[in-house]
Amino acid sequence: QVQLVESGGGLVQAGGSLRLSCAASGRTFSSAAMGWFRQAPGKEREFVAGISRSGSTTYYGDSVSGRFTISRDNAKNTAYLQMNSLKPEDTAAYYCATGFTVIRLRQGAYDYWGRGTQVTVSS
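Residues numbered from 1 in each chain as written. Predicted model: local features only at pLDDT ≥ 70, side-chain atom pairs only at ≥ 80, totals over all residues. Heavy atoms only, no water.

1. Quick word on the overall build of the protein
Within the protein one finds one helix and eleven strands. Starting at the N terminus and walking to the C terminus, you meet the elements of the protein as β-β-β-β-β-β-β-β-β-α-β-β. Relative to the globule expectation of 14 Å for 123 residues, the C-alpha radius of gyration of the protein, 13 Å, shows essentially globular dimensions. For the protein, the spread of C-alpha atoms along the principal axes amounts to about 40 × 25 × 25 Å. Going through the 123 residues of the protein one by one, you find that 41% of them count as buried. Within the protein, residue pairs in contact and separated by at least 24 positions form 57% of the contacts whose partners lie at least 6 positions apart. Each charge class in the protein was averaged separately, 13 positive and 8 negative side chains, and the resulting centres sit 6 Å apart. (Helix = DSSP H or I, 4+ residues; strand = E, 2+ residues; numbered from the N terminus. Rg over C-alpha atoms; globule rule 2.2 N^0.38 Å. Buried < 20%, exposed > 50% of the residue type's maximum accessible area, 1.4 Å probe, protein only. Contact = heavy atoms within 4.5 Å. Lys, Arg positive; Asp, Glu negative; His and termini not counted. Charge placed at Lys NZ, Arg CZ, Asp CG, Glu CD.)

As structure tokens, then:
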């Protein structure tokens, strides 16, 4: 069983930065693509970023491209989401997920996901 635990969320002013972490259990971390999704109350879950098994390929949602960066450290079984130039519309619960490929993740095909971490951006 794969377990994912997100951390690093909090309250930040517009224009600020946060870095989210996703710690994975087990020995399968390097065998799966990783991604981040977010969901605000009353909104559909939105793809934020995805990264391939090796870290060589990344994809970003249009709303965060140029501001967010996804990375992974397979030796530490951890994925990260660096969020810069945060906007109030980035406010949401952020979830880490695994998928067979990063393309599958972008299409919303998840295998495992975490419980989420809240990000709130004030004006």
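Continuing now.
2. Observations regarding the state of the cysteines
Here a disulfide denotes a covalent bond joining the sulfur atom of one cysteine to the sulfur atom of another. Inspection of every chain in the model, using the stated rule, returns one disulfide. Residue Cys22 pairs covalently with Cys96 via a disulfide, S to S 2.1 Å. One disulfide, between Cys22 and Cys96, carries an S-S torsion of -80° and so falls in the left-handed class. On the criterion of sequence distance, the pair formed by Cys22 in strand β3 (residues 18-24) and Cys96 in strand β9 (residues 92-99) is long-range, its members being 74 residues apart. Given the relative accessible area of 0%, Cys22 is considered buried. (Disulfide = S-S within 2.5 Å.)

3. A word on the pattern of salt bridges
Applying the stated criterion across every chain yields a total of three salt bridges. Note that Asp90 is salt-bridged to Arg38, the shortest N-O span being 2.8 Å. Taken together, the positions of Asp90 in the loop between β8 (78-83) and β9 and Arg38 in strand β4 (residues 33-39) put the pair 52 residues apart, joining distant regions of the chain. For the residue pair Asp90 and Arg38, the accessibility class agrees, reading buried in each case. Residue Arg67 pairs with Asp90 through a salt bridge whose shortest N-O separation is 2.8 Å. Placement of the pair is Arg67 in the loop between β6 (58-60) and β7 (68-73) and Asp90 in the loop between β8 and β9, with a sequence separation of 23 residues. Connected through salt bridges with shared partners, the residues Arg38, Glu46, Arg67 and Asp90 form a single ionic network. (Salt bridge = Lys/Arg side-chain N within 4 Å of Asp/Glu carboxyl O.)

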